Amino acid sequence: MMGLLCIAVVVGMVIGVLSGLLGIGGGTMVIPVLRLGFGLSTIESAATSLFTIVLTSLSGGVGHIRNRTAHVGTGLIIGLAGACFSPLGSMASTYIGNLATLILEAVIFLYIAFTMFRKARRMAPDTRKKAGGDTHVHRASDVFGPADRSAARDASGSAILAKEGDMPPEAREQEHLGHMNMHDAMLAVFIGATAGFAAGMLGIGGGFIIIPLSMMVFGYSMNEASGTSLIAIFPLSVSGTIAHALVGQVHFPYGLAMAVGSIPGAYLGARLSSHVPERRLRYLFSFVLVLVTGILVLNEFGFLG
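A brief report on the enclosed structure follows. What you see is a predicted model; the values in this text were computed from it and never measured.

1. So, the overall build of the chain
1) Next: Counting its secondary structure elements, the chain contains eleven helices and zero strands.
2) Next: Reading the chain from its N terminus to its C terminus gives the helix and strand order α-α-α-α-α-α-α-α-α-α-α.
3) Next: Excluding contacts between residues fewer than 6 apart, the proportion of contacts in the chain whose partners are at least 24 apart in sequence is 82%.
4) Next: Accessible area of the chain: about 13,200 Å², with a carbon and sulfur share of 69%.

Now the structure itself:
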């Protein structure tokens, strides 16, 4: 038992670093580990994974807040909207069947991975997104469109896409801590509703949906989208964890052991993310998406137990 707990800590550390870097909960990687490595049932693995994600997303979110790469208000609105719409997605999945859900999921994920990879190839190799007031440029780098798309915001109260170093400290504080107008708030609700519905229908965390949508809608950098995603994932995973815990489906010893590794790992990943070039983050995100798709397909056809 002690040996398995030590392994869980190490695995949690690795998944936590990826979570902090990319803004994902890591559930797709945690569930197979718990299922195959620790012998938990499918429902116990999913429930315990959600519990771990709560703590991992909180740690990674704090790291991004300290980096000033998390839009807190936006993330909370996305997460709360996602928590409301997730049950609707779960209901929809019962009508379309497992195979159709898997095909839809694979198509969406591979398309996002391809477009993110293509956008990364078009970027300069030395492109970086540094946190905190450095020369980091907000660009409306729509992952589904041309790299030179601009003017994602207007003069109605949203932040102008410009060098953050040119912004006064008060404006920079508001931009990162989430002060927004009603238009931006409604866009955040739209992202949350889409991510929550997709998460409920496809049975996976919303980070893979939140990140590309927030980059497209708000023009966030990969780093900012990752930090905002972790803020959003927290309320999304809390509601599910409570529901599973009330019926005794959360295996707390393994969940806590993985959290012991994932909490510092996520914080470390979040802090390191500001030093990783935007291009490499996009490549890594694309690779993880393809890996996740492969895991889902193998699991659906019984190759993972």
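What follows picks up the thread again.
2. Quick look at the pattern of salt bridges
A pair can form between side chains of opposite charge whenever their charged atoms are brought close.
1) Next: Following the criterion strictly, the structure yields one salt bridge and no others.
2) Next: The partner of R282 in a salt bridge is E278, and the shortest N-O contact between them spans 3.1 Å. Pair noted here: R282 and E278 are both in helix α11 (residues 278–300), with a separation of four residues, about one helical turn. Neither R282 nor E278 differs from the other in exposure class; each is buried.

3. Points about unusual backbone geometry
Negative phi characterises most residues that are not glycine, and trans characterises most peptide bonds.
1) Next: For R68, which is not a glycine, the phi torsion comes out positive at approximately 65°.
2) Next: If you trace the backbone, R68 turns up in the loop between α3 (42–67) and α4 (72–96).
3) Next: Classification of R68 by relative accessible area gives partly exposed; the value is 23%.

4. Let's talk about the nonpolar core
1) Next: Grouped together as the largest cluster of nonpolar side chains are 44 residues, with contacts concentrated most on L22, I24, F208, M222 and F285.
2) Next: In terms of residue count, helix α8 (residues 207–218) provides more of this core than any other element does, eight residues in total.
3) Next: In contact with L22, other than residues within four places in its own chain, are I211, M222, S226, L281, L284, F285 and V288.

5. A few points about a nonpolar patch on the surface
1) Next: On the surface, L99, I103, V107, L298, F301 and F303 cluster together into a nonpolar patch covering about 640 Å² of accessible area.
2) Next: Sorting elements by how many residues they give to the nonpolar patch places helix α5 (residues 98–122) first, with three residues.
3) Next: Relative to the helices and strands, F303 is located in the segment after α11.
4) Next: The exposure class of F303 is exposed, given its relative accessible area of 62%.

6. Some details on the packing of aromatic side chains
1) Next: Counted under the stated rule, the structure contains six aromatic pairs.
2) Next: Note on F51 and F252: the rings are 5.1 Å apart at their centroids and 80° apart in plane angle, and the pair reads as edge-to-face. With a gap of 201 residues between them, F51 in helix α3 and F252 in helix α10 (residues 252–273) connect regions that are remote in the sequence.
3) Next: Accessibility expressed as a relative area gives 14% for F51, which makes it buried.
4) Next: The structure contains a cluster of three or more aromatic residues connected by ring pairs, namely F109, F208 and F285.

7. Considering the packing of α3 against helix α9 (residues 222–246)
A pair of packed helices is captured by two measures, namely the crossing angle of their axes and the spacing between those axes.
1) Next: The N-to-C vectors of α3 and α9 enclose an angle of 145°; their axes lie 7 Å apart at closest approach. In the packing of α3 onto α9, the handedness of the crossing is left-handed. Here I43, A47, L50, F51, I53, V54, S57, L58, G60, G61, H64 and I65 of α3 lie close against α9, whose contacting residues are N223, S226, G227, L230, I231, I233, F234, S237, V238, G240, T241 and H244.
2) Next: In the contact of α3 with α9, the residues fall into 13 nonpolar, eleven polar and no charged.

8. Overview of the environment of A232
1) Next: Secondary-structure assignment places A232 in helix α9.
2) Next: For the pair formed by A232 and A83, sequence separation is 149 residues and the distance between their alpha carbons is 9.4 Å.
3) Next: Beyond its immediate stretch of four places on either side in the chain, A232 contacts G75, I78, G79 and I210.

9. Side note on α9
1) Next: Compared with the 36 Å implied by 1.5 Å per residue over 25 residues, the 36 Å span of α9 between its first and last C-alpha is a close match.
2) Next: Burial runs high along α9: 18 of the 25 residues are buried.
3) Next: Positive backbone phi, at 75°, marks G248, one or two positions downstream of α9.

Conventions adopted
- Residues numbered from 1 in each chain as written.
- Predicted model: local features only at pLDDT ≥ 70, side-chain atom pairs only at ≥ 80, totals over all residues.
- Heavy atoms only, no water.
- Helix = DSSP H or I, 4+ residues; strand = E, 2+ residues; numbered from the N terminus.
- Contact = heavy atoms within 4.5 Å.
- Areas by Shrake-Rupley, 256 points an atom, 1.4 Å probe, with all protein chains shown as cover.
- Salt bridge = Lys/Arg side-chain N within 4 Å of Asp/Glu carboxyl O.
- Buried < 20%, exposed > 50% of the residue type's maximum accessible area, 1.4 Å probe, protein only.
- Core = buried A, V, L, I, M, F, W, Y, C linked by side-chain atoms within 4.5 Å.
- Patch = residues over 30% accessible without salt bridge, like charges linked within 9 Å, V, L, I, M, F, W, Y side chains within 5 Å.
- Phe/Tyr/Trp six-rings, centres within 6.5 Å; stacked < 30°, edge-to-face > 60°.
- Axes fitted to C-alpha atoms, helices over the stretch in contact; angles between N-to-C directions.
- Left-handed = near helix turned anticlockwise from the far one by under 90°.
- Nonpolar A, V, L, I, M, F, W, Y, C, P; charged D, E, K, R; others polar.
- Expected span 1.5 Å × (residues − 1).

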